[in-house]
Amino acid sequence: MTTDVDRAQHWAETYTRRGDTQVSWYSAEPSPALALIDSAAGLDPELPAVDVGAGASRLVDALLARGFTDVTALDVSDDGLAHSRARLGPAARRVRWTVVDVLDWVPDRRFGLWHDRAVFHFLTDAADRARYRDLLEIALAPGALVVVGTFAHDGPEQCSGLPTARYGPEELAAALGPGLRVVAERREEHVTPTGAVQPFTWLALRR
Ligand SMILES: C[S@@+](CC[C@H](N)C(=O)[O-])C[C@H]1O[C@@H](n2cnc3c(N)ncnc32)[C@H](O)[C@@H]1O
């Protein structure tokens, strides 16, 4: 995967081939993330929220339902986002749909909530992880909540034909940088539409 176009094309083809509910990461309800978000004290729904690599995830629906007023769904490919826009109908107008590689993104605001399920683990180059950490520095408001889910150590070594980095909680916290403090962690055994089990490590961190 060498260029942004390659990346966008790869993910677009995956959504075209399998639709939104047959991709391995499909989840009818983003339960681990919502449990971490709902248990966070003092999270202000008027502060901007971003779902990085949102795809067709139902997290944006849940954030709107919880009263978040400034929600960005970001993805390198519009194909997953298009499923969410169709599902949301008129409510889709309440979301900022941003098609960009997160590594090239120049955020125009500071976020009170940053969510990433299954994007960070594709960053297998140290330079890409460093860029992601720089982004967190730039894009997070003071006190922001960061909720990240990656494959756990016993998770798959690949997803959609791409290699993944796998993390335990301590390694994930270290990879996300010293500016964040872990406030909660969870393990999830995600079951794919074909019945395979994919263990995830989840962290909630505060800036
Ligand atoms: C495994 S899927 C997870 C989708 C969603 N987070 C969910 O939980 O349903 C990874 C998503 O991240 C997007 N993606 C992958 N690399 C990306 C990047 N560098 N920048 C932005 N989006 C990316 C893909 O297009 C895809 O929608």
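None of the values given here were measured: they were computed from a predicted structure.

Glancing now at the nonpolar core. One finds Ile37, Leu63, Leu113, Leu145 and Val147 to be the most contacted residues of the largest nonpolar core, which totals 36 residues. Counting residues per element, the ones that place at least two in this core are α1 (4-18), α2 (31-38), α3 (59-65), β2 (71-75), α4 (78-88), β5 (140-151) and β9 (197-206). Among the elements that make up this core, the one with the highest residue count is α3 (five residues). Once residues within four sequence positions are removed from consideration, Leu145 is found in contact with Leu36, Ile37, Ala40, Leu43, Gly112, Leu113, Trp114, Val183, Ala204, Leu205 and Arg206. One finds Leu123, Ala139, Val146 and Leu205 within the second-largest nonpolar core, a separate group that totals 29 residues.

Take the site of the ligand next. Lining the immediate surroundings of the ligand are 17 residues, of which Tyr15, Gly53, Asp75, Val102 and Arg117 lie closest. Measuring from an oxygen atom of the ligand, one finds a side-chain N or O atom of Asp75 at 2.5 Å. One of the side-chain N or O atoms of Arg117 is found 2.7 Å from an oxygen atom in the ligand. For the ligand, the accessible surface in isolation is 590 Å², of which the surrounding protein chains cover 97%. Elements with a contribution of two residues or more to the shell around the ligand: α1 and β2. Tallying contributions element by element places α1 first for the shell around the ligand, with three residues.

The next subject is the pairing of strand β1 (residues 49-52). Residue alternation in β1 divides its side chains into two sets, Ala49 and Asp51 and Val50 and Val52, and both sets are buried. With respect to chirality, the unit in which β1 leads through α3 into the neighbouring parallel β2 is right-handed. Pairing of β1 with strand β4 (residues 111-117), which is carried by four bridges, proceeds in the parallel orientation. Across the sheet, Val52 pairs through a bridge with Asp116, a residue of β4.

Moving on, we come to the pattern of salt bridges. Tallied over the full model, the rule gives 13 salt bridges. A single salt-bridge network, built from bridges that share partners, covers Asp70, Arg96, Asp108 and Arg109.

By secondary structure assignment, the location of Arg131 is in helix α5 (residues 126-139). Linking Arg131 and Leu103, residues 28 residues apart in sequence, is a C-alpha distance of 6.4 Å. Among residues more than four places away in sequence, those in contact with Arg131 are Leu103, Trp105 and Ile138. A polar contact of 2.9 Å, which involves the side chain of Arg131, links it to the backbone oxygen of Leu103.

All right, on to the pairing of β9 then. The buried fraction of β9 is high, at nine of ten residues. Pairing between β5 and β9: seven bridges, direction antiparallel. For Val147, the partnering residue across the bridge sits in β9 and is Ala204. Hairpin connection between strand β8 (residues 181-191) and β9: a loop of five residues separates the two successive antiparallel strands, and Gly195 in this loop has a positive phi of roughly 95°.

This next bit is on the side chain of Asp101. Structurally, the position occupied by Asp101 is in the loop between β3 (95-99) and β4. A polar atom in the side chain of Asp101 sits 2.6 Å from the side chain of Arg7.

Before going further, it helps to spend a moment on the packing of aromatic side chains. Per the counting criterion, the structure on display carries ten aromatic pairs. For the ring pair Trp105 and Trp114, a centre distance of 6.0 Å and an interplane angle of 45° mean the geometry is tilted. Counting every residue linked through ring pairs, the aromatic cluster contains Trp105, Phe111, Trp114, Phe120, Tyr132 and Tyr167. Arg117 extends its terminal NZ or CZ atom over the ring of Phe200, reaching a point 5.3 Å from the ring centre.

About the criteria used
- Residues numbered from 1 in each chain as written.
- Predicted model: local features only at pLDDT ≥ 70, side-chain atom pairs only at ≥ 80, totals over all residues.
- Heavy atoms only, no water.
- Core = buried A, V, L, I, M, F, W, Y, C linked by side-chain atoms within 4.5 Å.
- Buried < 20%, exposed > 50% of the residue type's maximum accessible area, 1.4 Å probe, protein only.
- Helix = DSSP H or I, 4+ residues; strand = E, 2+ residues; numbered from the N terminus.
- Contact = heavy atoms within 4.5 Å.
- Near = heavy atom within 4 Å.
- Polar contact = N/O pair within 3.5 Å; in protein donor to acceptor, adjacent residues only side chain to side chain.
- Areas by Shrake-Rupley, 256 points an atom, 1.4 Å probe, with all protein chains shown as cover.
- Right-handed = clockwise from strand over helix to strand, strands pointing away.
- Pairing = 2+ DSSP bridges.
- Salt bridge = Lys/Arg side-chain N within 4 Å of Asp/Glu carboxyl O.
- Phe/Tyr/Trp six-rings, centres within 6.5 Å; stacked < 30°, edge-to-face > 60°.
- Lys NZ or Arg CZ within 6 Å of the ring centre and 35° of its normal.

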